[in-house]
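A look at the structure
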Amino acid sequence: MAEFIPYGRQCITQADIDAVVDVLKSDNLTQGPLVPAFEQAVAKYCQAKYALACNSATSALHLACLALGVGQGDRVWTSVNSFVASSNCALYCGAQIDFIDIDIATGNLSIAALIKKLKQAATNNTLPKVLIPVHFAGQSCDMQAISNLATEYGFRVIEDASHAIGGQYLSQPIGRCQYSDICIFSFHPVKIITSGEGGMALTNQAALWKKMQLLRSHGITRESAEMREPSHGDWYYQQIELGYNYRMTDIHAALGLRQLNELDTWVAKRHQLAKRYIEAFQGTHIVPLDQTPLNYSAYHLFVVRLAGLSFRSKQHIFNELRKKNIGVNLHYIPIHLHPYYQQLGFKQGDFPVAEQYYHQALTLPLHPGLNEQQQDYVIERLKRLYLKEAS
Ligand SMILES: *Cc1c(COP(=O)(O)O)cnc(C)c1O
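The text that follows walks through the structure, step by step, so that each part is easy to find. For clarity, every value in this text was computed on a predicted model and none was experimentally measured.

1. Topic: the nonpolar core
Counting 49 residues, the largest nonpolar core has Ile158 and Ile184 as its most contacted members. When contributions to this core are tallied by element, the ones reaching two or more residues are strand 1 (50–54), helix 3 (57–67), helix 4 (85–92), strand 3 (96–100), strand 4 (130–132), strand 8 (182–186), helix 7 (206–216) and helix 12 (352–360). Per element, the largest residue contribution to this core is eight residues, and it comes from helix 3. If you count residues domain by domain, this core takes at least three from each of domain 1 (5–260) and domain 2 (263–390). Those residues in contact with isoleucine 184 that sit more than four places away from it in its chain are Ala57, Ala60, Leu61, Ala64, Ile158, Glu159, Asp160, Ala161, Ser162, Met200 and Ala201. The next biggest cluster of nonpolar side chains, apart from the first, holds 44 residues, and it includes Val42, Ala121, Phe155 and Met248.

Below, the structure written as structure tokens:
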């Protein structure tokens, strides 16, 4: 195939372009009406009370940790099979990070491994303050089980749902925060819908929303009720905490708001394509991630495991597919294997399931713009290379 087939790609329509151009011609490039409109639309879609737009999911994760009071001396746990932002947010707050190994069938954190680690931590007095489950590839973790454990062991929960807007858990939209304190989405262009760069934090708790809002913009308040002395006049504001500039612009919000209209259609298209992959690989050793019946995945990624092959064979197949213009990828390098994390004391062998998964996993192209002819080409090439390596 002549043209490169990426593993993920944004869809931009003329209506998207028009919406962004309209902002450029308007009075407010940032802090206009579209950021709150985007927030309200996502909150409504997810049936959550509050939403806070940020300039990335990474900054939303940071604000979520801060709002839950994560600081020095605290522990935060997350899935080891994730993008580094899921754990970096705890380190920004001066907390200690630790990881949970995964279920190889889904790529999500293993509830059994979580329970085992919690029991140990309870005896050693090293329980986490916050757990950040990651809804890998768009499929929710078992949030009911996590929520029960949160009550039993007294930790708070931030869902890293960067892959998962448009997905459902127990027939409810991911982002509803029924089983968590805060839920985070990413609108990076490879994700389900995009605002260019951007992220959002959803919550049902007014206090958390207010705290994140304050810290999103320097820790500055304009509300006299929050000030330490009477206002000096209409120009007046006070900085009452040390915050950041994590604001989203109206330019980005215009795009995000437009894209939200397409969300359900695009997720349905991802499901159609995923079904074709699953059918094509039936009876082979190319094993797609398991989909549990509790879930409707947003299918951010289509990941397969090449069962029975060595890491070298997988590397070879990866390189051959790239040579054929197929933009395969790998999600994820287990976080503890990055040099920065090794320097914090993590070692190879600490999370053996994620390491085994890493050796077998391959991300195939999946996005609403992928056509069936391209998909058939990917399937045929991969099957052929697998058979060659296996023989
Ligand atoms: C993309 C991603 C992030 C970071 O999102 P940004 O919007 O790029 O900051 C965090 N966690 C996971 C799991 C992601 O995939």
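2. Overview of the sheet that holds strand 12 (residues 286–288)
As summarised here, the arrangement of the three strands in space is 12-14-15, forming an open sheet in which the pairing is antiparallel. The open sheet has two edge strands with one neighbour each: strand 12 and strand 15 (361–364). Averaged over all pairs of adjacent strands, the angle between strand axes in this sheet comes to 35°, irrespective of strand direction. Relative to strand 15, strand 14 (residues 302–306) runs antiparallel, the two being bridged by four bridges. Note that in strand 15 the partner of valine 303 across the bridge is threonine 363. Relative to strand 15, helix 10 (residues 311–323) is tilted by about 15°, and along the sheet it contacts strand 14 and strand 15.

3. Looking at the packing of aromatic side chains
In this structure the tally under the stated criterion is 15 aromatic pairs. Look at phenylalanine 136 and tyrosine 357: their rings are 6.1 Å apart centre to centre, the planes differ by 85°, and that puts the pair in the edge-to-face class. Linking phenylalanine 136 in the loop between strand 4 and helix 6 (143–153) with tyrosine 357 in helix 12, this pair joins segments that are 221 residues apart in sequence. Note on phenylalanine 136: relative accessible area 1%, which makes it buried. We classify tyrosine 357 as buried; its relative accessible area is 1%. An aromatic cluster of at least three residues, connected via ring pairs, comprises Phe99, Tyr340, Tyr341, Phe346 and Phe351.

4. What about the site of the ligand?
Around the ligand, the surrounding shell holds 15 residues, and the nearest of these are Thr58, Asp160, His163, Ser186 and Lys191. Contact distances for the ligand include 3.3 Å between a nitrogen atom and a side-chain N or O atom of serine 162. Interatomic distance of 3.1 Å between a side-chain N/O atom of tyrosine 332 and an oxygen atom of the ligand. Starting from 380 Å² of accessible surface for the ligand in isolation, the protein chains cover 93%. Among the elements of the structure, helix 3 and helix 4 are those that each provide at least two residues to the shell around the ligand. Among the residues forming the shell around the ligand, the class breakdown is five nonpolar, eight polar and two charged.

5. Here we look at the environment of leucine 273
Here leucine 273 shows up in helix 9 (residues 263–281). The exposure class assigned to leucine 273 is buried, which follows from its relative accessible area of 2%. Along the primary structure leucine 273 and proline 365 are separated by 92 residues, whereas in three dimensions their C-alpha atoms are 9.8 Å apart.

6. A look at the sheet that holds strand 6 (residues 168–169)
As summarised here, the arrangement of the three strands in space is 7-6-13, forming an open sheet in which the pairing is antiparallel. The open sheet has two free edges, formed respectively by strand 7 (172–173) and strand 13 (295–296), since each of these has just one partner strand. Here strand 6 runs beside strand 13; their pairing, made up of two bridges, is antiparallel. What sits directly across from tyrosine 169, in strand 13, is asparagine 295.

7. Concerning unusual backbone geometry
For the peptide bond that leads from histidine 331 to tyrosine 332, omega is 0°, which places it in the cis range. Mapped onto the fold, tyrosine 332 is located in the loop between helix 10 and helix 11 (339–342). One non-glycine residue, asparagine 125, adopts positive backbone phi at about 60°. Look at asparagine 125 and you get exposed, because its relative accessible area is 70%.

What counts and how
Residues numbered from 1 in each chain as written. Predicted model: local features only at pLDDT ≥ 70, side-chain atom pairs only at ≥ 80, totals over all residues. Heavy atoms only, no water. Core = buried A, V, L, I, M, F, W, Y, C linked by side-chain atoms within 4.5 Å. Buried < 20%, exposed > 50% of the residue type's maximum accessible area, 1.4 Å probe, protein only. Helix = DSSP H or I, 4+ residues; strand = E, 2+ residues; numbered from the N terminus. Domains from an automatic or database assignment. Contact = heavy atoms within 4.5 Å. Pairing = 2+ DSSP bridges. Axes fitted to C-alpha atoms, helices over the stretch in contact; angles between N-to-C directions. Phe/Tyr/Trp six-rings, centres within 6.5 Å; stacked < 30°, edge-to-face > 60°. Near = heavy atom within 4 Å. Polar contact = N/O pair within 3.5 Å; in protein donor to acceptor, adjacent residues only side chain to side chain. Areas by Shrake-Rupley, 256 points an atom, 1.4 Å probe, with all protein chains shown as cover. Nonpolar A, V, L, I, M, F, W, Y, C, P; charged D, E, K, R; others polar.

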